[in-house]
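Listed below are the residues making up each chain.
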Amino acid sequence: MNEDGARPARFLASGDRSRFPAAGAAVAELAFCLPDLPDVRDFAAARAVQGGMSEEGLADFLVAVNEVATNAVTHGHPTAKAVLRMWAVGRTLVVEIHDEGRWNPRTPPGETPPGPHATSGMGLWVARMVSSDITFETGAAGTFITMSFKV
């Protein structure tokens, strides 16, 4: 559950890219595919710790990043790499994962908890629970999932 006990999320079907980092912000970026997921976790962990994330918050952070990154390379466009971008806005760490896949979910993604015997479909729900904010944007440029974490 996020620190406010809320289920944050927004879904934008327009592909509007309104959450770019501020001009001059330091952005770390990594392109990846399925075999690179361990590198994604290492990359994200190192940047999170550099950005001030506590050891207590790091485990939940990595679960969320791993779940969204895994979705990007298993459900996104099958021949393209996904891209992870990270930057800080004050005391908030922002993580954006982009793939070239498109989707049109009927309800906001990750809002419904998985059933008691579910073996899949938990990733976006978990990401929603542990992030401070999460947005889902899809359009001609693909899908962007942006998560924020207080540090």
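Residues numbered from 1 in each chain as written. Predicted model: local features only at pLDDT ≥ 70, side-chain atom pairs only at ≥ 80, totals over all residues. Heavy atoms only, no water.

S.K.: Hey, could you go over the overall build of the protein for me, with residue numbers and the actual values?
M.R.: Across its full length, the protein carries 3 helices and 6 strands. Starting at the N terminus and walking to the C terminus, you meet the elements of the protein as β-β-α-α-β-β-α-β-β. Across the 151 residues of the protein, 42% fall into the buried class. Nonlocal contacts in the protein, meaning residues at least 24 apart in sequence, comprise 67% of its contacts between residues at least 6 apart. Accessible surface, the protein: about 7,900 Å² in total, of which carbon and sulfur atoms supply 54%. (Helix = DSSP H or I, 4+ residues; strand = E, 2+ residues; numbered from the N terminus. Buried < 20%, exposed > 50% of the residue type's maximum accessible area, 1.4 Å probe, protein only. Contact = heavy atoms within 4.5 Å. Areas by Shrake-Rupley, 256 points an atom, 1.4 Å probe, with all protein chains shown as cover.)

S.K.: Describe the pairing of strand E5 (residues 133–139), naming the residues involved and giving the relevant values.
M.R.: Taken across its 7 residues, E5 has 7 buried, putting it largely inside the fold. Burial along E5 is two-sided: Asp-133, Thr-135, Glu-137 and Gly-139 facing one way and Ile-134, Phe-136 and Thr-138 facing the other are all buried. In terms of strand pairing, E5 meets strand E6 (residues 142–150) through 7 bridges, oriented antiparallel. When the sheet's bridge partners are listed, Phe-136 is paired in E6 with Ile-145. (Pairing = 2+ DSSP bridges.)

S.K.: How would you sum up the packing of helix H1 (residues 37–50) against helix H2 (residues 55–75)? Please name residues and give values.
M.R.: One can describe the packing of H1 onto H2 by two numbers: an axis separation of 10 Å at closest approach and a directional angle of 140 degrees. Along this stretch, H1 crosses H2, giving a crossing that reads as right-handed. Side by side, H1 and H2 meet where Leu-37, Val-40, Arg-41, Ala-44, Ala-45, Ala-48 and Val-49 of the first sit next to Glu-55, Leu-58, Phe-61, Leu-62, Val-65, Asn-66, Ala-69, Thr-70 and Val-73 of the second. Taken together, the residues of the contact of H1 with H2 sort by class into 12 nonpolar, 2 polar and 2 charged. (Axes fitted to C-alpha atoms, helices over the stretch in contact; angles between N-to-C directions. Left-handed = near helix turned anticlockwise from the far one by under 90°. Nonpolar A, V, L, I, M, F, W, Y, C, P; charged D, E, K, R; others polar.)

S.K.: So what's going on with the environment of Phe-61? Which residues, and what values?
M.R.: With respect to the element layout, Phe-61 can be found in helix H2. For Phe-61, a relative accessible area of 1% corresponds to the buried category. Note: C-alpha distance between Phe-61 and Ala-45 (16 residues apart in sequence) is 8.3 Å. With residues up to four places along the chain from it excluded, the contact list for Phe-61 reads Ala-44, Ala-45, Ala-48, Met-53, Met-86, Leu-93, Val-95 and Phe-149.

S.K.: Tell me about the nonpolar core, and please be specific about residues and values.
M.R.: In this structure, Phe-32, Phe-61, Leu-84, Val-95 and Met-147 are the most contacted members of the largest nonpolar core, which totals 31 residues. Where this core is concerned, the elements lending two or more residues are strand E2 (28–32), H1, H2, strand E3 (82–89), strand E4 (92–99), helix H3 (123–130), E5 and E6. Broken down by element, this core gets its largest block of residues, 8 residues, from H2. Residues within four places of Val-95 in sequence aside, it is in contact with Phe-61, Val-65, Leu-84, Arg-85, Met-86, Ile-145, Thr-146, Met-147 and Phe-149. (Core = buried A, V, L, I, M, F, W, Y, C linked by side-chain atoms within 4.5 Å.)

S.K.: So what about the packing of aromatic side chains? Which residues, and what values?
M.R.: All told, the structure shown has 2 aromatic pairs when counted by the stated rule. Ring geometry for Phe-61 and Phe-149: centres 4.9 Å apart, planes at 80 degrees, overall edge-to-face. With Phe-61 in helix H2 and Phe-149 in strand E6, this residue pair connects regions lying 88 residues apart in the sequence. (Phe/Tyr/Trp six-rings, centres within 6.5 Å; stacked < 30°, edge-to-face > 60°.)

S.K.: Tell me about the layout of surface pockets, and please be specific about residues and values.
M.R.: The computed volume of the largest pocket comes to approximately 350 Å³. If you trace the largest pocket, you find 18 residues lining it, with Asn-71, Ala-72, His-75, Trp-103 and Leu-124 closest to the centre. Counting residues per element, the ones that place at least two in the lining of the largest pocket are H2, E4, H3 and E6. Across the lining of the largest pocket, the residue classes break down as 7 nonpolar, 8 polar and 3 charged. (1 Å grid on protein atoms, 1.4 Å probe; cavity = no way out; pocket = protein on both sides within 12 Å on 5 of 7 lines; lining within 4 Å. Points joined across faces, edges and corners; volume = space filled by probe spheres on them.)

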